[in-house]
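Listed below, chain by chain, are the residues.
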Amino acid sequence: MNALKLPKFLLPLILVLTTFISCKKEQKQAPPPIQAPFVVVKTEDVPIYKDFAGQTFGDLDIELIARVDGILTGVYFKEGQKVKKGQLLYTIDPLEYETKVEQARGQVAVAQSSLVNANEELKRIRPLADMNAVSKRELDAAVAKDKAARSNYASMQASLKNQEIERSYCNIKSPIDGVIGLSNARLGDYITKIGNASRLNMVSKLEKVRVQFTVSESDFLKYQKSTKQGEKITDLQLILSDGSIHPQKGTLNFSDTKIDPTTGTVTIEAQFPNPDGTLRSGQFGKVRVLIRTAKNAIVIPQKAVTEIQGLFQVSIIDDKNTIQNRMVEVGQKTGVDWIITKGLKPNEKVAIIGNQFIQPGSTVAPVPYVADKKQIASSQND
């Protein structure tokens, strides 16, 4: 028998159908698994820090206040520079006060002359009274005159001393070794001893700085309990406004005696060494306090945790590289990580899915997660 011969016009149609069917089979092949970054759960000791907003003050901040009125005739320092104890800083026109000193000296001289005369008169009358040559009344009058002259002389001396003290207020000197700030008065200004015009400047001692910050009542109670149990807060760091960390560790000075009823907070003061003088009074920053150390804590990146209506879950990669959702309980955040208190065990793989749409039960291709170093550095300075 002869083989079945197909018409020539059917051959191209058969070729097209064959190609279409083969393409369909290729489209039905499963796509490759989606890559899923993961971290291996492990335990570690995690220091728990808490930041509190604070402000710096000098170890001593002494305000220079004018105590006399007059024209400012001299300024003898550079603002922002170091000054020595006893160094002359300002002078106020002393003419008025020198005049008062001279007047007081004249009154002292008159009082002294009166005292000498009264004393001589008493010396003359007393022997005569002993001989009954003068009456007792004359003796009593001489004694009273001598006492009055002595009192007047002492009063005039006190007045002179007071005028000399006022004259000394015309020379304003540094009370301590320190750094002087921006002057509130300029050469030629009229200075008064009342109101804001009397506030000339401030000198700060900055070998050490004090940092005051406030904590909530609950945090303060926790601190008190830990102190009673023998635990001490010894790790204090100062985070400056630019995010840098002051190289010297601080120590606690004291806490306020009362809780502010309007804010429910307590003011606490810490002290930080400032050997290079980089810190100044009035700066703002954050005091980072080591609250406690969580022993054998399970820590995973915050990116791996999903929150839904107050419930937290993570995605586990099982032995078959399949995604399984699991509910967990979370604790303290630390940097870019989160402490997991319940729901995970060491050596499990936790997927960091992020914005990828991966359903539970999906098969994935696990790849080790690489953290963003810039994000870690930023979180440490937050």
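Rules used in this analysis
- Within each chain, residues carry numbers counting from 1 in the order of the written sequence.
- Thresholds applied to this predicted model are a pLDDT of at least 70 for local features of residues and 80 or more for the giving and counting of side-chain atom pairs; totals over whole chains, interfaces and linings are not thresholded and use all residues.
- Note that water and hydrogens are dropped before the side-chain values are worked out from all heavy atoms of the structure.
- A run of H or I in DSSP becomes a helix once it reaches four residues, and a run of E becomes a strand once it reaches two; helices and strands are each numbered from the N terminus.
- Any two residues whose heavy atoms approach within 4.5 Å are treated as being in contact.
- Accessibility throughout is a Shrake-Rupley quantity obtained with a 1.4 Å probe, and a residue counts as covered only by protein chains that appear here.
- Each residue gets one of three labels from its accessible area relative to the maximum for its type: buried under 20%, exposed over 50%, partly exposed in between, using a 1.4 Å probe on protein chains only.
- Any two strands are treated as partners once DSSP identifies two or more bridges connecting them.
- In predicted models, pLDDT denotes the confidence assigned by the predictor to each residue on a 0 to 100 scale.
- The term nonpolar core refers to a set of buried residues drawn from Ala, Val, Leu, Ile, Met, Phe, Trp, Tyr and Cys, joined through side-chain atoms within 4.5 Å.

Caption draft 1: Here's a closer look at the overall build of the protein. A count of helical and extended segments in the protein gives 5 helices and 19 strands. Put simply, of all contacts in the protein between residues at least 6 apart along the chain, 77% involve residues at least 24 apart. Total accessible area on the protein stands at roughly 24,700 Å², and carbon and sulfur atoms take up 54% of it.

Caption draft 2: Focus on the pairing of strand β15 (residues 311-317). Most of β15 is tucked away: 6 of the 7 residues are buried. The sheet contact formed by strand β14 (residues 306-308) and β15 spans 3 bridges and is antiparallel. Its bridge partner lying in β15, T306 is registered against Q313. If you look at the hairpin formed by β14 and β15, you'll find 2 residues sitting between the two strands, and Q309 has a positive phi there, around 55°. Relative to strand β16 (residues 323-334), β15 is paired through 6 bridges, and the arrangement is antiparallel. Paired with Q313 across the two strands is M327, which belongs to β16.

Caption draft 3: Focus on the confidence of the model for the protein. On average, residues of the protein carry a pLDDT of 86, and 88% of them reach 70 or more. Of all helices and strands in the protein, the one with the weakest mean pLDDT is helix α5 (residues 373-380) (54), whereas strand β5 (residues 88-92) scores best (97).

Caption draft 4: Focus on the nonpolar core. Core analysis: the biggest nonpolar cluster contains 18 residues, and L89, Y90, I92, I180, I191, L200 and V203 have the highest contact counts within it. Counting only elements with at least two residues in this core, the list comes to β5 and β9 (199-216). Ignoring anything within four residues of it in the chain, the contact list for I92 reads A66, V68, D69, G70, I71, L72, T73, C170, I172 and I191. With 17 residues, the next largest nonpolar core counts L206, F213, L236 and L238 among its residues.

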